[in-house]
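A look at the structure
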Amino acid sequence: MAAAHSQYAELSRQISAVGAVKRSLARILPAECPGGSAAVLTLLERHGEMRMSRLAELLAVDMSVTSRHVAHAAERGWIERLPDPADKRSRILRLTPLGRELLGELDRRVTEMFARTLDDWTDDEVGQLNALLGRLRSSFGDCRDRHEGRYDSRYDTEDTHARTPMRQET
């Protein structure tokens, strides 16, 4: 038990230090696209159009936080808010071509950053890290895993995620 306890203590320290990785990711985002907006775009690309309530659930944040992120993205033309044919009081959120273009740029930046930073890692090591992080997230009951099996958290930042490694409020 003592060995396991020290391993869990070390895991806690390592998870806390992941903040440096998240800050590096946030720094490569364009100034006009904070992490919350990038997360909104990523989810709409991954899951397709959806209501704001579903987006809030996937982001694991309050509706008011989701609303701010959506407003920011809509003002820049990255998403559109359309009337929901099933409920005229609700809106359906949809990624625009401009939003898809921005996601391509974000993807390029993130991929290049990881390729530079992890250039001494083998493909197998990167694969192991991905698998273990996914398993850790699932162990904590990540709602995004339950809905679609996988979620791309590359754009998560500390100020936009409710769960401990990533978001609560902005």
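Heads up: the structure comes first, above all this text.
Quick look at the structure, then. (Residues numbered from 1 in each chain as written. Predicted model: local features only at pLDDT ≥ 70, side-chain atom pairs only at ≥ 80, totals over all residues. Heavy atoms only, no water.)

1. So, the overall build of the protein chain
In terms of helices and strands, the protein chain carries eight helices and three strands. Among the 170 residues that make up the protein chain, the fraction classed as buried is 37%. In the protein chain, the share of contacts with a sequence separation of at least 24, taken over all contacts with a separation of at least 6, comes to 56%. For the protein chain, the accessible area works out to roughly 10,200 Å², and carbon and sulfur atoms hold 53% of it. (Helix = DSSP H or I, 4+ residues; strand = E, 2+ residues; numbered from the N terminus. Buried < 20%, exposed > 50% of the residue type's maximum accessible area, 1.4 Å probe, protein only. Contact = heavy atoms within 4.5 Å. Areas by Shrake-Rupley, 256 points an atom, 1.4 Å probe, with all protein chains shown as cover.)

2. Considerations on the nonpolar core
Residues L41, L44, L55, L59, I79 and L106 are the most contacted members of the largest nonpolar core, which totals 25 residues. Breaking this core down by element, the ones donating at least two residues are α3 (35–47), α4 (52–59), α5 (63–75), β3 (87–95) and α6 (97–117). For this core, the leading source of residues is α3, giving six residues. (Core = buried A, V, L, I, M, F, W, Y, C linked by side-chain atoms within 4.5 Å.)

3. Quick word on the side chain of T96
Mapped onto the fold, T96 is located in the loop between β3 and α6. In contact with T96, other than residues within four places in its own chain, are G77, W78, I79 and E80.

4. Section: the sheet that holds strand β1 (residues 50–51)
Taken in spatial order, the three strands make up an open sheet running β1-β3-β2, and their pairing is antiparallel. Bordering the open sheet on either side are β1 and β2 (79–84), each of which pairs with just one other strand. In this sheet, β3 lies alongside β1 in antiparallel orientation, the contact comprising two bridges. What sits directly across from R51, in β3, is I92. Strands β1, β2 and β3 of the sheet are contacted by α3, whose axis makes an angle of about 95 degrees with β3. (Pairing = 2+ DSSP bridges. Axes fitted to C-alpha atoms, helices over the stretch in contact; angles between N-to-C directions.)

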